[in-house]
Structure formats: structure tokens, C-alpha cells
Amino acid sequence: MKILVIIGGISKNSINKNLFELIKPAAPSDFECETFDVSKLPYFSQDLEDNLPEVVINFKKQITDSAAVLFITPEYNRFIPGVLKNAIDWASRPYGKGAWIGKPAAVLGASMGPTGALSAQMQLKQLLSFLNMKVMWQPEIYFNYPAYVKDGVLAEASKKYFESFLTAFKECILINNR
């Protein structure tokens, strides 16, 4: 089951990139996770829609070829990062024919603060629902990174939460891809 993982944090030491690496072992055994580097996309412009850049074509194909999309987002100023919004905009076009339509999706996020990217996750879920993705609203994990990752190791109790989350995501995918 191909799962496209889109990570909104692009910095070299992104805690959200690291979170993905830490939770991969908790994924169902039939998940085949691949990522796309959203920093490679140009700024969205309708001027480019008639002659899409190759990187955009490849991105949209990766979405289409995936059974579902897992978004992992940081929170910047109580919102999703601009690079993530840019990626979402590219794949939503042309209007009514976007690559997101009908695709199952789940949202995670981590922050250095106690709210664990709560605002960004909620706004992202709302945006993805508008784009007609089949968003998994429950269970939710708002992850305070420094509270549960010590010396690069995920706390044992957290592993169970992520395992439950990813198992629920698999069920969501199976239900929505019938």
C-alpha cells in the first residue's frame, strides 16, 4: 500500500522529518512510505499551469499513484508553513481536477511547544477537506517533541499512540478505497 508522506518542515534538522523517521517502524507492515521534498517546487503561479514544470508533473503523479497521503506539519505562527501550502496549491489545480480529490489523508505534526502543532493540524485538516480529500479526523496526536523524544529516541509510550494512529489510518484508507 503506497503512502505518500509530505513533510512541511524543510530545515535540515526538522523535528517533523525526524518524527517521521521515528514513527516509520510503527507503520503497518504493508505500508510502503515514500516522501516528496516540497522545497523543490517553484512558487505556484497560474501562469505556469499550461506548461507545468517537470517537478510538478512528478509530484502530481506521486499523489495519483499513492493509496493515501500522510501530512506531517510543523506550526509557524499558528499556521502551516508556506512551502506546504504551496505544494497543496500546485496539486489542487486545475480547479475541479486536482490530484487530491478523493484521496484518503491523515495529519500529524510536532512542535517544540506544548500544543504540538495543534493549530496547524486543524487548519490543514480543514483545507484538505475543502479539497475533497477523505480526511481522518480521529484519532489525533498533537506531539510536544521535547517531552517525548530524548537523545533521538521516541518514548516507549508514544510508540503505542503512533501505532494506533497508523493502524486507524490504514482502516481509513481501506474504507475509502473500496
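Residues numbered from 1 in each chain as written. Predicted model: local features only at pLDDT ≥ 70, side-chain atom pairs only at ≥ 80, totals over all residues. Heavy atoms only, no water.

This part is about the pattern of salt bridges. This structure, assessed with the given rule, holds 9 salt bridges. The residue Lys 170 makes a salt bridge to Asp 30 at a minimum N-O spacing of 3.0 Å. On the criterion of sequence distance, the pair formed by Lys 170 in helix H6 (residues 156-176) and Asp 30 in the loop between helix H1 (15-23) and strand E2 (32-36) is long-range, its members being 140 residues apart. (Salt bridge = Lys/Arg side-chain N within 4 Å of Asp/Glu carboxyl O. Helix = DSSP H or I, 4+ residues; strand = E, 2+ residues; numbered from the N terminus.)

Strand E1 (residues 2-7) sits mainly inside the fold: 5 of its 6 residues count as buried. In this sheet, E2 lies alongside E1 in parallel orientation, the contact comprising 5 bridges. The residue bridging Ile 6 from the neighbouring strand is Phe 36, located in E2. Here E1 pairs with strand E3 (residues 68-73) via 5 bridges, running parallel. Paired with Ile 6 across the bridge in E3 is Phe 71. (Buried < 20%, exposed > 50% of the residue type's maximum accessible area, 1.4 Å probe, protein only. Pairing = 2+ DSSP bridges.)

Moving on, we get to empty space enclosed by the protein. This model, assessed by the stated rule, comprises 1 cavity of 30 Å³ or more. Here the largest cavity is characterised by a volume of approximately 40 Å³. In terms of lining, the largest cavity is formed by Phe 20, Ile 23, Lys 24, Ala 27, Phe 31, Cys 33, Leu 70 and Leu 166. Of the residues belonging to the lining of the largest cavity, the class tally is 7 nonpolar, no polar and 1 charged. (1 Å grid on protein atoms, 1.4 Å probe; cavity = no way out; pocket = protein on both sides within 12 Å on 5 of 7 lines; lining within 4 Å. Points joined across faces, edges and corners; volume = space filled by probe spheres on them. Nonpolar A, V, L, I, M, F, W, Y, C, P; charged D, E, K, R; others polar.)

Here we come to helix H3 (residues 82-91). In an α-helix, one turn spans 3.6 residues, which is why side chains three or four residues apart end up on the same side. Buried within H3 we find Leu 84, Asn 86, Ala 87, Ile 88, Trp 90 and Ala 91. Contacts from the buried residues of H3 go to E1, helix H2 (54-65), E3 and helix H4 (118-130). (Contact = heavy atoms within 4.5 Å.)

Right, let's talk about the layout of surface pockets for a bit. Counted as a void, the largest pocket has a volume near 240 Å³. Together, 13 residues line the largest pocket, and Ser 92, Tyr 95, Gly 96, Phe 130 and Leu 131 are the ones closest to its centre. When grouped by side-chain class, the residues that make up the lining of the largest pocket number 6 nonpolar, 4 polar and 3 charged. Of all elements in the fold, only strand E6 (142-144) and H6 reach the threshold of two or more residues within the lining of the second largest pocket. Per-element tally for the lining of the second largest pocket: the top contributor is H6, with 5 residues. Of the residues assigned to the lining of the second largest pocket, the class counts are 8 nonpolar, 2 polar and 1 charged.

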